[in-house]
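Listed here are the chains, written in short residue letters.
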Amino acid sequence: MSKHITELLSGKATYLPKYDMSGTAIRHDNYTYAKPSKIIISEGLFTLTPKVRDAFNFKIYVDIPENIKRDRFFIRAKERDLGDSAEIIYANANKKAEFYIRPCKDIADIVLSGYADRINYKNFLNKIIGLIQEIYYAEY
């Protein structure tokens with residue numbers, strides 16, 4: 001991911017992988033063609049981990065209370081038909097998050113509350129992206 005971001009910021013187009021997160025985490029290489037840009041916005045669990053975080057100039061961490069994380073996970077688990085294995089998967093993911101994800105909060109430039117639902121966050125980000133596009137295209 002760091003390599004792709006560096007390529008894009010340096011003016012090179014690249015193909016980004018796509019991950020199938022339906023429980024398989026299969027990676028599909030050369031999937032999405034990305035054009036270079038001066039501004040790149042990325043989201044995901046691992047975007048602030050040590051191997052990637054230095055590629056970003058500004059870092060946001062969304063701090064989600066345990067009860068909300070759990071509720072959201074089990075809603076998705078039901079949608080994905082994980083059945084009885086959902087509890088084991090959640091416990092494993094939560095244990096790994098304690099080690100890999102939660103420490104990233106300490107290096108974030110800003111920490112947002114995770115009480116808002118995803119639709120509100122998407123609307124917020126779309127407004128930010130719209131403002132960035134206005135600024136970016138006003139230069140050209």
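Just so it is clear, the model here is predicted, and its values are computed rather than measured. (Residues numbered from 1 in each chain as written. Predicted model: local features only at pLDDT ≥ 70, side-chain atom pairs only at ≥ 80, totals over all residues. Heavy atoms only, no water.)

Honestly, helix α1 (residues 2-9) in this entry has me stumped. Any pointers?
Along α1, the residues classified as buried are His 4, Ile 5, Glu 7 and Leu 8. Here the buried residues of α1 occupy an arc of 160 degrees about the axis, which is enough to place them on one side. The secondary structure elements touched by the buried residues of α1 are β1 (14-20) and β2 (26-34). Downstream of α1 by a residue or two, Gly 11 has a phi angle that is positive, lying close to 95 degrees. (Buried < 20%, exposed > 50% of the residue type's maximum accessible area, 1.4 Å probe, protein only. Helix = DSSP H or I, 4+ residues; strand = E, 2+ residues; numbered from the N terminus. Arc of directions from axis to C-beta. Contact = heavy atoms within 4.5 Å.)

Hey, could you run me through the side chain of Lys 59 in this one?
With respect to the secondary-structure elements, Lys 59 resides in the loop between β2 and β3 (60-63). No salt bridge is formed by the buried Lys 59, whose closest oppositely charged neighbour, Asp 109, lies at an N-O distance of 4.4 Å. Contacts of Lys 59, omitting those with residues within four sequence positions, involve Leu 48, Arg 53, Ile 107, Ala 108, Asp 109 and Ile 110. (Lys, Arg positive; Asp, Glu negative; His and termini not counted. Salt bridge = Lys/Arg side-chain N within 4 Å of Asp/Glu carboxyl O.)

Help me out: how do you make sense of a positive patch on the surface in this one?
On the surface, Arg 76, Arg 80, Arg 118 and Lys 122 cluster together into a positively charged patch. Inspection of the secondary structure assignment puts Arg 118 in helix α4 (residues 118-138). Owing to a relative accessible area of 55%, Arg 118 belongs among the exposed residues under this scheme. (Patch = residues over 30% accessible without salt bridge, like charges linked within 9 Å, V, L, I, M, F, W, Y side chains within 5 Å. Areas by Shrake-Rupley, 256 points an atom, 1.4 Å probe, with all protein chains shown as cover. Charge placed at Lys NZ, Arg CZ, Asp CG, Glu CD.)

Would you mind going over the packing of aromatic side chains with me for this structure?
Each aromatic ring pair is specified by the distance between its two centres and by the angle formed by the two planes. All chains considered together, the criterion is met by five aromatic pairs. Each ring, one from Phe 73 and one from Tyr 90, has its centre 5.1 Å from the other, and the planes form 55 degrees; the classification is tilted. Here the residue Phe 73 occupies a position in helix α2 (residues 66-79), and Tyr 90 occupies one in helix α3 (residues 86-100), the gap between them amounting to 17 residues. Residue class for Phe 73 comes out buried when judged on its relative accessible area of 13%. Taking the relative accessible area as the measure of exposure, Tyr 90 reaches 9% and is therefore buried. (Phe/Tyr/Trp six-rings, centres within 6.5 Å; stacked < 30°, edge-to-face > 60°.)

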